[in-house]
Amino acid sequence: MKTVFNLTRIYFIWILVILMNVPLHAATYYSRLNGLSTASASWSTVGLGGTAAGSAPGSLDDVVIGSGYTITTSGLFSVNSIVIQAGGTMTVNSSFRVIGLFGSAASSNAGTISGTGTFTLNPLFGGSFANSGTVSVGTYSTFNCSSSNSGALSVTSMTLQLSSFTNTGTVTNTGNLVLANFLGGSSWSNNNGSTLNIYGNISYSGSGNSFTASASSNTVNFCGNGTQNIFSTTYHHLSVSG
């Protein structure tokens, strides 16, 4: 009980510290040309392709990347939420984060997210991310977030804390998948018709976590070249290769 109380106190102190260091305003920023995420010329607060904004988006702002536009992250790029429309592209060469400080953050990708950087979803007041496009990044981590994938998602490692992930598409993880408990457990559901390709190991950190892969027509492939531990659960279709 004391440990839970201390973790809760740390979590809320963390929120207060972040809130004290961000501007108290919010706007929606739209892509207007191909450019860096930190360049005001890349963005408009009027609409897609509109007049240039006076500044780049910050942690409280919502971002929309439209079809035909490519935005490239420069340094740490934090926003309240992001929507990437079909035909839109975000290149993550450094670090991208959805922080969700302004209400519940609902983010989605119907376009392309690519790069070797870190993709982090940690909406402090809860949020979601739905991928129906293509995501190919380095480390993928979530905190207090409900994620779903109906497209193609490829990462070098994945950690979920106080989060859920529902897969109806294809996920390829060339590293480890960790489901962690922090004020609550995390869950993974491989739903009907989905595929998980895992090259590392699946593991729990703490109690209250779950990994489900028993739905019909779903497949889990353990396909690493080295030694892998086959996670103990009920599988509909389990494949071991490499």
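Residues numbered from 1 in each chain as written. Predicted model: local features only at pLDDT ≥ 70, side-chain atom pairs only at ≥ 80, totals over all residues. Heavy atoms only, no water.

(A) Just the overall build of the protein, in detail. Looking only at helices and strands, the protein has one helix and 27 strands in total. Split into buried and exposed, the 242 residues of the protein put 46% on the buried side. In the form shown here, the protein has an accessible surface area of approximately 10,200 Å², with 54% of it arising from carbon and sulfur atoms. (Helix = DSSP H or I, 4+ residues; strand = E, 2+ residues; numbered from the N terminus. Buried < 20%, exposed > 50% of the residue type's maximum accessible area, 1.4 Å probe, protein only. Areas by Shrake-Rupley, 256 points an atom, 1.4 Å probe, with all protein chains shown as cover.)

(B) Inspection of unusual backbone geometry at higher detail. Of note in this structure, Asn-144 is not a glycine but carries a positive phi near 60°. As for its placement among the helices and strands, Asn-144 is situated in the loop between strand S15 (139-143) and strand S16 (145-149). Of note, the phi angle at Leu-162 is positive, near 50°, even though the residue is not glycine. Secondary-structure assignment places Leu-162 in the loop between strand S18 (157-161) and strand S19 (164-167).

(C) A look at the sheet that holds strand S24 (residues 202-205). Here seven strands make up an open sheet; going across it, the order is S6-S9-S12-S15-S18-S21-S24 and the pairing parallel. Each end of this open sheet is capped by a strand with a single partner; those strands are strand S6 (76-79) and S24. Across the sheet, the mean angle from the axis of one strand to that of its neighbour is 10°, orientation sign disregarded. Pairing of S6 with strand S9 (residues 95-98) involves four bridges; the strand directions are parallel. Each residue of the ladder has a partner; that of Val-79, found in S9, is Val-98. (Pairing = 2+ DSSP bridges. Axes fitted to C-alpha atoms, helices over the stretch in contact; angles between N-to-C directions.)

(D) Representation of the sheet that holds strand S17 (residues 152-155) within the structure. Strand order in the open sheet formed by 10 strands is S2-S5-S8-S11-S14-S17-S20-S23-S26-S27, and the pairing between neighbours is parallel. Of all the strands in the sheet, just strand S2 (35-36) and strand S27 (238-240) have a single pairing partner and so form its edges. Sheet topology places S17 next to strand S20 (residues 170-173); four bridges connect them, and they run parallel. If you follow Ala-152 over to S20, its bridge partner there is Thr-170.

(E) Spotlight on the side chain of Asp-61. Here Asp-61 is to be found in the loop between strand S3 (43-44) and strand S4 (62-65). Here the side chain of Asp-61 touches Gly-58 through a polar contact of 2.7 Å, landing on its backbone nitrogen. (Polar contact = N/O pair within 3.5 Å; in protein donor to acceptor, adjacent residues only side chain to side chain.)

(F) Representation of the pairing of strand S23 (residues 195-198). Side chains Thr-195 and Asn-197 of S23 all project onto a buried face; the interleaved residues Leu-196 and Ile-198 project onto the opposite face, where all are buried too. Of the strand pairs in this sheet, S20 and S23 are connected by four bridges, and their pairing is parallel. Bridge pairing in S23 places Asn-173 opposite Ile-198. As defined by bridge partners, S23 adjoins strand S26 (residues 219-222) across four bridges and the pair is classed as parallel.

(G) Seen up close, the pairing of S4. Judged from the three bridges that link them, strand S1 (residues 28-31) and S4 form a sheet pairing that is parallel. Bridge pairing links Thr-28 to Asp-62 in S4. Across four bridges, S4 lies against strand S7 (residues 81-84) in parallel orientation. Among the inter-strand pairings, Ile-65 is bridged to a residue of S7, identified as Ile-84.

(H) Representation of the packing of aromatic side chains in the model. Summed over all chains, the structure comprises 12 aromatic pairs. Both rings, one in Trp-188 and one in Phe-211, keep their centres 6.4 Å apart while their planes meet at 25°; by these two values the pair is stacked. Taken together, the residues span a long stretch of sequence, with Trp-188 in strand S22 (residues 187-190) and Phe-211 in strand S25 (residues 210-212) at a distance of 23 residues. Each member of the pair, Trp-188 together with Phe-211, is buried. Among the aromatic residues, those joined into a ring-pair cluster are Trp-43, Phe-77, Phe-96, Phe-119, Phe-129, Tyr-140, Phe-165, Trp-188, Tyr-204, Phe-211 and Phe-231. (Phe/Tyr/Trp six-rings, centres within 6.5 Å; stacked < 30°, edge-to-face > 60°.)

(I) Summary view of a nonpolar patch on the surface. A surface patch of nonpolar side chains, amounting to about 250 Å² of accessible area, comprises Ile-230, Leu-238 and Val-240. Its place among the elements puts Ile-230 in the loop between S26 and S27. The class for Ile-230 is partly exposed, based on a relative accessible area of 39%. (Patch = residues over 30% accessible without salt bridge, like charges linked within 9 Å, V, L, I, M, F, W, Y side chains within 5 Å. Salt bridge = Lys/Arg side-chain N within 4 Å of Asp/Glu carboxyl O.)

(J) Main features of the side chain of Asn-80. Structurally, the position occupied by Asn-80 is in the loop between S6 and S7. Within the local environment of Asn-80, its side chain forms a polar contact with the side chain of Asp-62, the two groups lying 2.8 Å apart.

(K) Up close: the environment of Phe-211. When its relative accessible area of 4% is taken as the criterion, Phe-211 is described as buried. Residues Phe-211 and Phe-231, spaced 20 residues apart in sequence, show a C-alpha to C-alpha distance of 9.1 Å. When near neighbours in sequence (up to four residues on either side) are disregarded, Phe-211 contacts Leu-177, Leu-179, Trp-188, Leu-196, Ile-202, Tyr-204, Val-220, Phe-231, Thr-233 and Tyr-235. (Contact = heavy atoms within 4.5 Å.)

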